[in-house]
Amino acid sequence: MANTSSRTLRLLSLLQTHRYWPGAELADRLGVSTRTLRRDVDRLRELGYPVEAQRGADGGYQLAAGAALPPLVIDDEEAVALVVGLQTAAQNAVEGMAESSVRALAKVVRVMPARLRRRVEALRAVTVPAVWSGGGEPGVDPSALTTVALACRDEERLRFGYRAADGARTERHAEPHRLVPLGRRWYLVAYDLDRAAWRSFRLDRLTAPESTGARFRPRELPAADAAAFVRAGLEGLPRPHRIEASVEAPAEAVLRRIGRWAEVEEAEEGRCLVRMTTDDLSWPLLALGMTGAEFRVVAPPELADRAREWGDRFSRAGRAGAGNPPGTGSPPG
């Protein structure tokens with residue numbers, strides 16, 4: 001029975017790696033007869049896997065799309081690649097995918113053998129991600145992100161160190177509620193047991209999170225959802241720059257490109273207003289440049305000054321690239 005079960009899992013793995021397998025080749029890979037292969041295919045169908053068969057001398061098998069995603073069977077190398085890829089996606093995600101990446105990462109890591117977790121950690125330790133952080137800020141430790149995600153899912157209390165904005169370090173004991181990706185940062189929404197109050201914690205300031213194993217009954221969050229709670233807390237923080245710009249592009253197109261970091265409002269046909277709050281003037285200019293459209297700075301004046309400074313610098317770089325030294329004009333005609 002154990003041999004049959006192992007062979008069935010092996011068959012499922014092979015079907016997931018190829019769109020179509022000739023029957024004879026698939027039987028040879030499994031080391032069984034074509035008759036035994038047919039029985040194994042029938043066993044997979046009984047388990048709910050939609051295996052399609054093509055009859056005849058050149059017949060074969062393929063795994064069709066089903067009504068629901070079946071459990072995936074992956075080998076060691078695929079498991080390591082999957083975790084590393086999910087860690088990268090969680091930190092540099094396409095809009096709307098960061099939270100899904102963390103949920104998937106937590107599920108995979110939970111069942112991953114220790115020997116594979118060591119391989120993942122070794123690979124991550126020697127890999128330098130090409131991430132622009134906008135000012136040298138530390139990123140989120142993927143292992144910390146996974147630990148927090150699991151505690152949120154399993155409703156287990158957490159202990160962790162935390163560094164406040166003023167540099168003060170404290171130890172926290174909390175009931176984790178949700179993780180929220182917002183802009184370029186991750187936040188943990190949790191009930192702080194020592195302070196008897198709801199708090200949001202920046203994950204890049206959180207150190208050595210550890211689940212206590214103690215389960216808790218979730219409390220009612222004093223907000224519509226976790227994202228609204230984080231946004232409300234950020235509104236109360238002093239922000240030195242409130243950005244507004246007019247962009248010569250439809251709001252829908254601008255939202256697709258920078259809606260993760262900015263509020264976008266339709267102004268008139270083919271034009272929109274973009275608003276941001278930030279402590280760094282460089283990032284809004286990069287975001288506005290990413291729209292791929294003409295734009296005009298409405299406020300503050302400091303951002304318009306920065307745009308002119310960057311424009312002059314880029315113009316000089318363009319002229320230098322055309323064969324002129326920096327700081328010189330165009331070549332004579």
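A brief structural summary. No experiment lies behind these values; they were computed from the predicted model shown.

Considerations on the overall build of the chain
Then step 1. Each helix and strand in the chain was counted, giving eleven helices and twelve strands.
Then step 2. Sorting the 333 residues of the chain into buried and exposed places 37% on the buried side.
Then step 3. Partitioning the intrachain contacts of the chain with sequence separation of at least 6 by distance along the chain shows that 56% fall at a separation of at least 24.
Then step 4. If you sum the accessible surface of the chain, you get close to 19,700 Å²; carbon and sulfur atoms cover 51% of it.

Some thoughts on a positive patch on the surface
Then step 1. Positive charge collects at one region of the surface, where Arg35, Arg38, Arg39 and Arg55 lie side by side.
Then step 2. Along the chain, the position of Arg35 falls in helix α3 (residues 34-46).

A few points about the packing of aromatic side chains
Remark: the centre distance and the inter-plane angle together describe each pair of aromatic rings, the angle taken between the planes.
Then step 1. As enumerated under the stated definition, the model contains four aromatic pairs in all.
Then step 2. Where Tyr162 meets Phe201, the ring centres are 5.0 Å apart and the plane angle is 80 degrees; that geometry is what we call edge-to-face. Residue Tyr162 is located in strand β4 (residues 156-163), and its partner Phe201 is located in strand β7 (residues 197-202); the two are separated by 39 residues in the primary sequence.
Then step 3. Residue Tyr162 is classed as buried on the basis of its relative accessible area, which comes to 9%.
Then step 4. In this structure Phe201 comes out as buried when scored by relative accessible area, which is 1%.
Then step 5. An angle of 75 degrees between the planes, with centres 5.7 Å apart, marks the rings of Tyr191 and Trp198 as edge-to-face.
Then step 6. Among the aromatic side chains, those forming a connected cluster through ring pairs are Phe160, Tyr162 and Phe201.
Then step 7. The lysine or arginine in question, Arg219, covers the ring of Tyr191, its NZ or CZ lying 3.9 Å from the ring centre.

A word on the environment of Val180
Then step 1. Structurally, Val180 can be placed in strand β5 (residues 169-182).
Then step 2. Sequence-distant contacts of Val180, that is, excluding residues within four places in its chain, are made with Arg185, Trp186, Tyr187, Val189, Ala226, Ala227 and Val230.

Side note on the nonpolar core
Then step 1. Core analysis: the largest hydrophobic core is formed by 20 residues, its most contacted members being Val247, Val254, Ile258, Cys272, Val274 and Met276.
Then step 2. Only β9 (241-247), α9 (251-258), β11 (271-278), α10 (282-290) and α11 (301-321) provide two or more residues apiece to this core.
Then step 3. Those residues in contact with Val274 that sit more than four places away from it in its chain are Ile243, Glu244, Ala245, Val247, Val254, Ile258, Ala262, Glu263, Val264 and Leu288.
Then step 4. In this structure, Val148, Leu179, Trp186 and Phe201 belong to the second largest nonpolar core, which totals 16 residues.

Details of the sheet that holds strand β12 (residues 295-299)
Then step 1. Sheet architecture is open: four strands sit in the order β10-β11-β9-β12, paired in antiparallel fashion. Strands with a single pairing partner mark the edges of an open sheet, and in this sheet they are β10 (263-268) and β12. Sheet twist, expressed as the mean angle between neighbouring strand axes with direction ignored, is 25 degrees.
Then step 2. Relative to β12, β9 runs antiparallel, the two being bridged by four bridges. Across the sheet, Glu244 pairs through a bridge with Ala299, a residue of β12.
Then step 3. Contacts between α10 and the sheet are confined to β9, β11 and β12, with β11 contributing the most and set at about 155 degrees to the helix.

Criteria and cut-off values
Residues numbered from 1 in each chain as written. Predicted model: local features only at pLDDT ≥ 70, side-chain atom pairs only at ≥ 80, totals over all residues. Heavy atoms only, no water. Helix = DSSP H or I, 4+ residues; strand = E, 2+ residues; numbered from the N terminus. Buried < 20%, exposed > 50% of the residue type's maximum accessible area, 1.4 Å probe, protein only. Contact = heavy atoms within 4.5 Å. Areas by Shrake-Rupley, 256 points an atom, 1.4 Å probe, with all protein chains shown as cover. Patch = residues over 30% accessible without salt bridge, like charges linked within 9 Å, V, L, I, M, F, W, Y side chains within 5 Å. Salt bridge = Lys/Arg side-chain N within 4 Å of Asp/Glu carboxyl O. Lys, Arg positive; Asp, Glu negative; His and termini not counted. Charge placed at Lys NZ, Arg CZ, Asp CG, Glu CD. Phe/Tyr/Trp six-rings, centres within 6.5 Å; stacked < 30°, edge-to-face > 60°. Lys NZ or Arg CZ within 6 Å of the ring centre and 35° of its normal. Core = buried A, V, L, I, M, F, W, Y, C linked by side-chain atoms within 4.5 Å. Pairing = 2+ DSSP bridges. Axes fitted to C-alpha atoms, helices over the stretch in contact; angles between N-to-C directions.

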